[in-house]
Amino acid sequence: MSFIRVEETSDFSFQNLPYGIFSTSDNPKHRIGVAVGEQILDLSVIKHLFTGPVLSSHHHVFDQPTLNAFMGLGYNAWREARSFIQRLLSTSEPTLRDNGDLRNRAFVPQTSATLHLPAEIGDYTDFYSSRHHATNVGIMFRGKENALMPNWLHLPVGYHGRASSVVVSGTPIRRPMGQMRPDDSKPPEYGHCKLLDFELEMAFFVGSGNALGTPIPISQAHEHIFGMVLMNDWSARDIQKWEYVPLGPFLGKSFGTTISPWVVPMEALMPFIVQNTVQDPKPLPYLLHEDPYTFDIDLFVSIKGQGMDKPTTVCKSNFKYMYWDMKQQLAHHTVNGCNVRPGDLLASGTISGPDPSSFGSMLELCWKGTKTVDLGNGNTRKFLQDGDEVIITGYCQGDGYRVGFGQCSGKVLPPLMV
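Being a predicted model, the structure only gives us computed values, none of them experimental.

Student: Got a sec to walk through the overall build of the protein? Specific residues and values, please.
Tutor: Scanning the protein from N- to C-terminus turns up nine helices and 26 strands. For 418 residues, the compact-globule estimate of 2.2 N^0.38 gives 22 Å, and the C-alpha radius of gyration of the protein, at 22 Å, lies within 12% of that figure. Dimensions of the protein along its principal axes, counting C-alpha atoms only, are 75 × 55 × 40 Å. Long-range contacts, defined as pairs at least 24 residues apart, comprise 72% of the intrachain contacts of the protein with a sequence gap of at least 6. Carbon and sulfur atoms form 52% of the exposed surface of the protein, whose accessible area is close to 18100 Å².

Written out as structure tokens, the structure is:
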């Protein structure tokens, strides 16, 4: 255990130790930190203590304003860093525990910090890997007999998203303007999105990349996955419906994607691994692996409308419901020789479970506008209104501790008319 006090319900247990980028009012420089309890350990202050075989010659990565350089060092460097930080924070290690001056410089209260995007995101890919979600959407728009497209059970469907509009939790999201066609018997019209939605997702950051033309085999994929964050991939359903044929989402998705600031390393999630979803038909050999790589992560979505005293939970889901796992996503992404780079972000797609309370979008919760979602005290929604704050949280529950992700939140601003 750690000499830093951590509540049992804290997301940032000694077993977690997620990485993030923070600054403070007295030191505006962006720097790398590790969250533990209510504190942040500033790695730039203790970089000289990393004396292991990999990191001893790479202290500079802890002076960077993003995690990219550290991510790029690769799997062995991440393992070495985590092992050392765990030892440094343990009750039996005096280096920090007994050095008051170093402790005062190395620890920052989370309440005093501003959190930033954890990496410079060069590329962002969004998958569509929840069978429950894909089936629900397919039933709504194509009918039960054609719910899943013919390719869906054979490969992890995905599209290339917009990295420039990925923002950190707490950043407001403006309701987008665009072109839509609400009445198929009439010409399209221009205006503000009327069917604004959230999407409950998770995403992983690529660590070390691959050379152009060299795929990442599925047997090595885990060595390229640095860690995970929560995500809200906001969606303008009416804009998306009109534009997406034949090339897929564009303006209906590119106006904003929110992620949580703390990146939970994959090693912290390993105690919560569960068996993979049985896949039928059997995937092609390049997508086939036997080792479990699905995780039991409880996920929650709440909405706090203007005038509401507190948020109302509208969705309780779990990451274990995913059909295609992260190894398969990365192997498929690179099988054609596409190169991925440190800091690239690969998202799960909307995470929905088998019952209505676990549906991960308003589109499903209101079933394409045929139902209302109760927020309490007479407040209802079909889609999001201006002023609504959407809050996504998630954690793995251990024995007396949690491995959590903090918050992924954003508030809807009114549109800017052009």
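Student: Explain the environment of Tyr286 to me, using residue names and the numbers behind them.
Tutor: Along the chain, Tyr286 falls in the loop between strand S18 (273-274) and strand S19 (294-295). Relative accessible area serves as the criterion here: at 29%, Tyr286 is assigned to the partly exposed category. Along the sequence, Tyr286 and Met231 sit 55 residues apart, while their C-alpha atoms lie 28 Å from each other. Those residues in contact with Tyr286 that lie beyond four places of it in its chain are Ile218, Ala331, His332 and Val335. At 2.8 Å, the side chain of Tyr286 forms a polar contact with the side chain of His332.

Student: Would you mind going over the side chain of Ser23 in detail, with residue names and values included?
Tutor: Mapped onto the elements of the fold, Ser23 is located in strand S1 (residues 19-24). Polar side-chain contacts of Ser23 include one of 2.7 Å to the side chain of His116. Non-local contacts of Ser23, meaning those with residues more than four positions away in its chain, are made with Pro28, Lys29, His30, Arg31, Ser112, Ala113, Thr114 and His116.

Student: Help me get a handle on empty space enclosed by the protein, residues and values and all.
Tutor: Per the stated rule, a full pass over the model turns up one cavity of 30 Å³ or more. If you add up the space inside the largest cavity, you get close to 50 Å³. Residue assignment for the lining of the largest cavity shows that the elements contributing at least two residues are strand S13 (200-206), helix H8 (326-334) and strand S22 (345-347). Broken down by element, the residue count for the lining of the largest cavity peaks at three residues, all from S13.

Parameters and conventions
Residues numbered from 1 in each chain as written. Predicted model: local features only at pLDDT ≥ 70, side-chain atom pairs only at ≥ 80, totals over all residues. Heavy atoms only, no water. Helix = DSSP H or I, 4+ residues; strand = E, 2+ residues; numbered from the N terminus. Rg over C-alpha atoms; globule rule 2.2 N^0.38 Å. Contact = heavy atoms within 4.5 Å. Areas by Shrake-Rupley, 256 points an atom, 1.4 Å probe, with all protein chains shown as cover. Buried < 20%, exposed > 50% of the residue type's maximum accessible area, 1.4 Å probe, protein only. Polar contact = N/O pair within 3.5 Å; in protein donor to acceptor, adjacent residues only side chain to side chain. 1 Å grid on protein atoms, 1.4 Å probe; cavity = no way out; pocket = protein on both sides within 12 Å on 5 of 7 lines; lining within 4 Å. Points joined across faces, edges and corners; volume = space filled by probe spheres on them.

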